[in-house]
Structures are given as structure tokens and as C-alpha cells.
Amino acid sequence: MRDNFGRDINYLRISLTDNCNLRCIYCTPEKLSQKKEEKLLFEDLQKIIRVAKDIGIKKIRLTGGEPLLRKDLCEIIKEIKKSEIDEIYITTNGILLEEKIKDLKEAGLMGINVSLDTLDENIFNEITRGGDIKKVINGIKKSISLGLKVKINSVIIKGINEDSIYQLAEITKNNKIDVRYIELMPIGEGKKYQGLNNNEILKRLENKFGLKEYFEINGVTEYHKLKNSQGRIGFISPINNCFCKDCNKIRITSSGEIKRCLNEEGRINLKNINTEIEIKELLKNEIKNKPEKHLFGEKKEFIEKKNMNEIGG
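Residues numbered from 1 in each chain as written. Predicted model: local features only at pLDDT ≥ 70, side-chain atom pairs only at ≥ 80, totals over all residues. Heavy atoms only, no water.

So, on to the overall build of the protein. A count of helices and strands for the protein gives nine helices and twelve strands. Taking 2.2 N^0.38 as the reference for a compact globule, 313 residues should give roughly 20 Å; the C-alpha atoms of the protein span a radius of gyration of 19 Å, in line with that estimate. Expressed as lengths along the three principal axes of its C-alpha atoms, the size of the protein is roughly 55 × 40 × 40 Å. Looking at the protein as a whole, 55% of its 313 residues are labelled buried. The contacts of the protein with a sequence gap of at least 6 include a subset with a gap of at least 24, amounting to 71%. Summed over all atoms, the accessible surface of the protein reaches about 14800 Å², with 45% contributed by carbon and sulfur. (Helix = DSSP H or I, 4+ residues; strand = E, 2+ residues; numbered from the N terminus. Rg over C-alpha atoms; globule rule 2.2 N^0.38 Å. Buried < 20%, exposed > 50% of the residue type's maximum accessible area, 1.4 Å probe, protein only. Contact = heavy atoms within 4.5 Å. Areas by Shrake-Rupley, 256 points an atom, 1.4 Å probe, with all protein chains shown as cover.)

The next subject is the pairing of strand E6 (residues 178-182). For E6, a buried count of five out of five residues is recorded, marking the element as mostly surrounded by other parts of the structure. The alternating pattern of E6 places Asp178, Arg180 and Ile182 on one face and Val179 and Tyr181 on the opposite face, and all of these are buried. Looking at chain direction, strand E5 (residues 149-154) and E6 are connected through four bridges and run parallel. Looking at E6, one finds that Asn153 is bridged to Arg180. In this fold, E5 hands off to helix H6 (residues 164-174), which returns the chain to E6; that crossover is right-handed. Pairing analysis gives five bridges linking E6 to strand E9 (residues 232-236), with the strands arranged parallel. Paired with Ile182 across the bridge in E9 is Ile236. (Pairing = 2+ DSSP bridges. Right-handed = clockwise from strand over helix to strand, strands pointing away.)

This next bit is on the packing of helix H1 (residues 42-54) against helix H8 (residues 276-288). Contact geometry for H1 and H8: axes closest at 9 Å, N-to-C directions at 55°. As judged from the angle between their axes, H1 and H8 are oblique. H1 and H8 meet at a crossing whose hand is right-handed. Of the residues in H8, those touching H1 at Lys47, Ile48, Arg50, Val51 and Asp54 are Glu276, Ile279, Lys280 and Leu283. Among the residues forming the contact of H1 with H8, the class breakdown is four nonpolar, no polar and five charged. (Axes fitted to C-alpha atoms, helices over the stretch in contact; angles between N-to-C directions. Parallel < 35°, antiparallel > 145°, perpendicular 65-115°, else oblique. Left-handed = near helix turned anticlockwise from the far one by under 90°. Nonpolar A, V, L, I, M, F, W, Y, C, P; charged D, E, K, R; others polar.)

Further remarks concern H6. All of the buried residues along H6 are Ser164, Ile165, Leu168, Ala169, Ile171 and Thr172. Buried positions in H6, seen along its axis, are confined to an arc of 135° and lie on one side of it. Packed against the buried residues of H6 are helix H4 (121-128), E5, E6, helix H7 (198-209) and E9. (Arc of directions from axis to C-beta.)

This brings us to the packing of aromatic side chains. All chains considered together, the criterion is met by two aromatic pairs. Between Tyr181 and Phe235 the ring centres are 5.6 Å apart and the planes differ by 25°, which places this aromatic pair in the stacked class. With Tyr181 in strand E6 and Phe235 in strand E9, the pair connects residues that are 54 residues apart, well separated along the chain. As far as burial versus exposure is concerned, Tyr181 and Phe235 are alike and both buried. A cation over an aromatic ring shows up here: Lys208 above the ring of Tyr166, its NZ or CZ 5.3 Å from the ring centre. Over the aromatic face of Phe209 sits the side chain of Lys208, whose NZ or CZ is 5.8 Å from the ring centroid. (Phe/Tyr/Trp six-rings, centres within 6.5 Å; stacked < 30°, edge-to-face > 60°. Lys NZ or Arg CZ within 6 Å of the ring centre and 35° of its normal.)

Within the open sheet, the twelve strands sit side by side as E7-E8-E9-E6-E5-E4-E3-E2-E1-E10-E11-E12. Their pairing is mixed. Each edge of the open sheet carries a strand with a single partner, namely strand E7 (216-218) and strand E12 (268-269). Of the strand pairs in this sheet, strand E3 (residues 87-92) and strand E4 (residues 111-115) are connected by four bridges, and their pairing is parallel. Note on E4: the bridge partner recorded for Ile90 is Ile112. On top of the sheet, helix H2 (residues 73-82) reaches strand E2 (59-63) and E3; it is set at about 170° to E2, its chief contact. Along the sheet, H7 contacts E6, strand E8 (221-224) and E9; its crossing angle with E9, the most-contacted strand, is approximately 160°.

Residues three or four positions apart in an α-helix share a direction because the helix packs 3.6 residues into each turn. Taken together, the buried positions of helix H3 (residues 97-107) are occupied by Leu97, Ile101, Leu104 and Ala107. All buried residues of H3 project into a common sector of 120° when viewed along the axis, lining one side. Along H3, exposed side chains directed more than 90 degrees from the buried face belong to Glu99 and Glu106. Of the surrounding elements, those touching the buried residues of H3 are H2, E3, E4 and helix H5 (133-145). Phi turns positive, to about 130°, at Gly108, one or two residues after H3.

So, to be careful, I would describe these as geometric facts and stop short of saying anything about function.
Structure (C-alpha cells):
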């Protein structure tokens, strides 16, 4: 389905939970107030998934918080597969991946994005406030062995994990994996830190490794390759290279809010909407009226005030 600016909105991201088993410094407050989570029930998700195909959604990504915390994740993936959606993916921190990925693949999962900002154990521990990087690495290896498409998403923060740029890029030398650098979003806890411009990251990588004569744009990602590498390095640059004209996404938070843009507050909630007809009309209207561009750096009434774990990334 096309919005008022002619963009084909065919990609739906559904957050399955606010909860996470890590406390990444730019995503989740260190002391998270405990509240009863008002998450979408399986029955709510069934209705949304069935409607998604009808309005032209071809790809669904399940996010969080940490989606692997949902005990019914396999059933949700099976429901998406049953709806004949073309592509089914998850974004995860990877902590529970090793023990769960085989069942997820059998349910219909096609690939994963793993959030991994460093390969240094101490820095990983600092960024995640106590996470075990060995579990993440083991989960990635098992996913690859099962034939799943794997991408690594990394956020580089000035003064914290800048040196990790090179280690992460080197993953692509011997693996058919995309390592993608995503500029830090000035949302929630992210406002406390300063990210590194992706143009600077590319320059550093080119100076150290050199680049192949390779360039591709896929969706919102600009891809390059290091010399003598199997995989690719990607750059997602929402701050310094606004890609809103090519945006094809709409989001639903774990509590049921439709988010037309990552940095816009949700205005309509789908939780407990009784009929699929109502859900369909609400989604169609929100897609049609998706804003032309994000509002990072601007003071507007409806700027998102929640943390990333509450939004779904």
C-alpha cells in the first residue's frame, strides 16, 4: 500500500515485549521501574498478522525489548508463515539464541539481526551492564550453521566502543555476514551519549583496510566491502543522511500502538480491537498519513519520549 508521498509501505515491525534480559546503556535505563507489561496477546497478534498480508505487507520483523523472551515466539512465527508473508525475521541481542534458534527456524524464521556493538568482552559488559558475550557469539555460530541469514547491527558511541569498529568489520573477511553500523538515535537514554557519524566510520575503515570497488543500496542501507572479504559492511544513517524518502516501514509497539515513524509517538492502539476489518482500516489510514520525514533534532509536539526498549527499534 502506498502512502501520500508515493512510498510503498510493505514492511511491518512488531515489538513483542518491552522486557529485555540486558540493560544496554543507550537503550534501557539502569534502574527500570517494574510495571505490569501491557503486551499484545497472541490473539491480538493473530488478527494483525492476518490483516498485514491484505494491505500489502511482504516482510515482518519481530523485535522487542528482547523477542526471544516471548514463550509463544514459535507459534507467532508459525502464524506469520501461515499467512504467506514473504519474509520473516527477528532482531535479538543473541543471549538466548543458541538454545532457541533451531526451533525458530523450524517454525519458519528466515534470518536474524543480532545487536552486537563490540567483540571486546569488557566493553560488551560495560555497554550491556553485565551481558555474556560468549552466549551471543555461540548463538551467531549456531544460526550460521543452520543456514539462516545473519546480520550484525552495531551502534558506535564516542569514547566507549570506537576501537571496536575494526574488529566488527573484520568479521566480514571470512564470513558471508553483513556488519551494519547504525547511527545512534537521539531517543530516550540515547540522548545521553554521542554517536559517531557513519561517514567517519567509513573513512576509518577505508584507511585501515581499503575497500573493494563495490557499492550497493538496499532499502535504507548503503553497502560496501573490505578488500579480500566475503561479507559486506553496511551503513544505516538516519541522522546524517536522512533516508525518509525511501522508508517502507510501519511499526506496532508491544502495547499495540501504531507508529508511523520511529520518532513519532503512537496515536492509535490496536490492542483489544474486536474485528479485523477495524484493524485493517486503522492500519490503512495510518500508512496513508505516514509523515514525510522524521523529526530528530526538532522540537515538535509529537516527538517520541519513550526509551528504545519500549518502541521496538
